[in-house]
Amino acid sequence: MGRVLKEPPRPPAKQEPVPRTPPKIAASYPGHVYHINLTAVPIRSGFWTTWSPFALPQCWPFCCWVAVVVDHFSRRVIDAAVFANKPDCRAVCQFLGRAFSPRGRPRYIICDRDSIFDCDAFRRWAKRCGIRPPRYGAIGKHGSIAVVERFFRTFKTEFTRRIAVPLRRRDFRQQAVRYIDWYNEHRPHATLGGRTPNEVYFGRKPANRRPRVEPRNRWPRRSKCARPQTLVAGLPGDRFALEVVFLNGQQHLPVVTVRRAA
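First things first, this report covers the structure right here in the doc.

Rules behind the numbers
Residues numbered from 1 in each chain as written. Predicted model: local features only at pLDDT ≥ 70, side-chain atom pairs only at ≥ 80, totals over all residues. Heavy atoms only, no water. Phe/Tyr/Trp six-rings, centres within 6.5 Å; stacked < 30°, edge-to-face > 60°. Helix = DSSP H or I, 4+ residues; strand = E, 2+ residues; numbered from the N terminus. Buried < 20%, exposed > 50% of the residue type's maximum accessible area, 1.4 Å probe, protein only. Lys NZ or Arg CZ within 6 Å of the ring centre and 35° of its normal. Expected span 1.5 Å × (residues − 1). Contact = heavy atoms within 4.5 Å. Pairing = 2+ DSSP bridges. Axes fitted to C-alpha atoms, helices over the stretch in contact; angles between N-to-C directions. Parallel < 35°, antiparallel > 145°, perpendicular 65-115°, else oblique. Left-handed = near helix turned anticlockwise from the far one by under 90°. Nonpolar A, V, L, I, M, F, W, Y, C, P; charged D, E, K, R; others polar. Lys, Arg positive; Asp, Glu negative; His and termini not counted. Salt bridge = Lys/Arg side-chain N within 4 Å of Asp/Glu carboxyl O. Polar contact = N/O pair within 3.5 Å; in protein donor to acceptor, adjacent residues only side chain to side chain. Core = buried A, V, L, I, M, F, W, Y, C linked by side-chain atoms within 4.5 Å.

## Overview of the packing of aromatic side chains
Going through the model one piece at a time under the given rule, you end up with 14 aromatic pairs. Centre to centre, the rings of phenylalanine 122 and tryptophan 125 are 5.7 Å apart; their planes meet at 25 degrees, and the pair counts as stacked. Of this pair, phenylalanine 122 and tryptophan 125 both sit in helix H3 (residues 120-128), separated by three residues, roughly a single helical turn. Judged on exposure class, the residue phenylalanine 122 and its partner tryptophan 125 are both buried. Ring geometry for phenylalanine 155 against tyrosine 179: centres 5.8 Å apart, planes inclined by 75 degrees, an arrangement best described as edge-to-face. Here phenylalanine 155, found in helix H4 (residues 146-158), pairs with tyrosine 179, found in helix H5 (residues 169-186); they are 24 residues apart in sequence, far enough to count as distant. Across the pair, exposure class does not vary: phenylalanine 155 and tyrosine 179 are buried alike. Taken together, Phe151, Phe152, Phe155, Phe159, Phe172, Tyr179, Trp182 and Tyr183 form an aromatic cluster joined through their ring pairs. The ring centre of tyrosine 201 lies 4.8 Å from the NZ or CZ of arginine 76, which sits over that ring. When the ring centre of tryptophan 219 is taken as origin, the NZ or CZ atom of arginine 216, which lies over that ring, is 3.8 Å away.

## Side note on H5
A rise of 1.5 Å per residue sets the reference length of H5, with its 18 residues, at 26 Å; its end C-alpha atoms lie 25 Å apart and thus fit the reference within 8%. Against strand S1 (33-42), strand S2 (63-71), strand S3 (77-83), H4, helix H6 (197-201) and strand S7 (254-260) lie the buried residues of H5.

## So, the sheet that holds strand S4 (residues 108-111)
Reading across the sheet, the five strands line up as S3-S2-S1-S4-S5 and stay open at both edges, with mixed pairing between neighbours. With partners counted over all chains shown, the strands left at the sheet margins are S3 and strand S5 (135-136), one partner each. Of the strand pairs in this sheet, S1 and S4 are connected by three bridges, and their pairing is parallel. Counterpart to tyrosine 34 in the pairing with S4 is isoleucine 109. Running at roughly 165 degrees to S3, H5 makes contact with S1, S2 and S3 of the sheet.

## Some details on the packing of H4 against H5
As a packed pair, H4 and H5 sit with axes 12 Å apart at the nearest point and diverge in direction by 115 degrees. With respect to each other, H4 and H5 are oriented roughly perpendicular. The two elements H4 and H5 meet at a crossing, and its hand is right-handed. Taking contact as the criterion, the partners of Phe151, Thr154, Phe155 and Glu158 in H4 are, on H5, Phe172, Ala176, Tyr179, Ile180, Trp182 and Tyr183. For the contact of H4 with H5, the per-class residue count stands at eight nonpolar, one polar and one charged.

## Focus: the side chain of aspartate 71
Relative to the assigned elements, aspartate 71 resides in strand S2. Of the side chains with opposite charge, arginine 75 comes closest to the buried, unpaired aspartate 71, at an N-O distance of 7.3 Å. Looking at aspartate 71, its side chain comes within polar contact range of the side chain of serine 74, at 2.7 Å. In this structure, aspartate 71 is in contact with Pro30, Gly31, His32, Val33, Tyr34, Arg76, Ile78 and Tyr201, ignoring residues within four places of it in sequence.

## Thoughts on unusual backbone geometry
Positive phi is not limited to glycine here, since arginine 75 has a value of about 60 degrees. Looking at the secondary structure, you find arginine 75 in the loop between S2 and S3. Although it is not a glycine, asparagine 248 sits at a positive phi angle of roughly 55 degrees. Tracing the backbone shows asparagine 248 in the loop between strand S6 (240-246) and S7.

## As for the pattern of salt bridges
By the definition in use, this model includes nine salt bridges. The partner of arginine 216 in a salt bridge is glutamate 214, with the nearest N and O atoms 2.7 Å apart. Given the relative accessible area of 3%, glutamate 214 is considered buried.

## Examining the nonpolar core
Counting residues in each nonpolar core, the largest one holds 31 residues, and the members touching the most others are Val69, Leu96, Phe100, Phe117, Phe122 and Trp125. Of all the secondary structure elements, the ones that give two or more residues to this core are S1, S2, S3, helix H2 (89-100), S4 and H3. Of all the elements, H2 adds the most residues to this core, at eight residues. Beyond its immediate stretch of four places on either side in the chain, phenylalanine 117 contacts Ile36, Asn37, Leu38, Val92, Cys111, Asp112, Phe122 and Tyr136. One finds Tyr108, Ile110, Phe152 and Phe172 within the second-largest nonpolar core, a separate group that totals 30 residues.

Below is the structure:
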């Protein structure tokens, strides 16, 4: 104990500075924040093996790579591209340049930590385009790039898993563009309060704000309904016809309309 008491006091350990966490970005208007990401879409039998050397390579003719740009504010898919192999940074920048030119450039870009985006070449491209430095999703953190990942889940569940993905990239891209047009124009979103991406992006009056259908007789017109609450169209008890058509004859792209019966 005496030896320990005679030892000179040790200087306090230097504390490493805590890295400052950048503030979160909240999209305030359409075109403010864009999400960018890539996903692999199996073509025929899919990736039926997982271990090397028997695993199928993630390239054509076993899969295609799809790149998309999603607007954070409206959830609208701005553009998409199909690649035979996983594209490099130059190919992705060319795709983004074509996607941004007719619609204007966003203020912020959010992407993951893939080597395509987390590199000096991509950051220099963003700077030349007048875009703020890219914001990257946290590694291993759920929800950091949830907007675009949620679209990919819908894209595969409602589209690629319901069709035989064509072997030719041109045919697959045509079908993907049709799905994206249907997704933007006709598919309501719970996050948007039942509105479609195009209604939010272009500032149109949403369809679910129009007067509602009430087939029950003697139902009070001012009674409340499911949100958003709207008035009754016509008189309670009127007959209506429900029409279902399929965009370009595709069974997985329904368009539902309601019209007053004759």
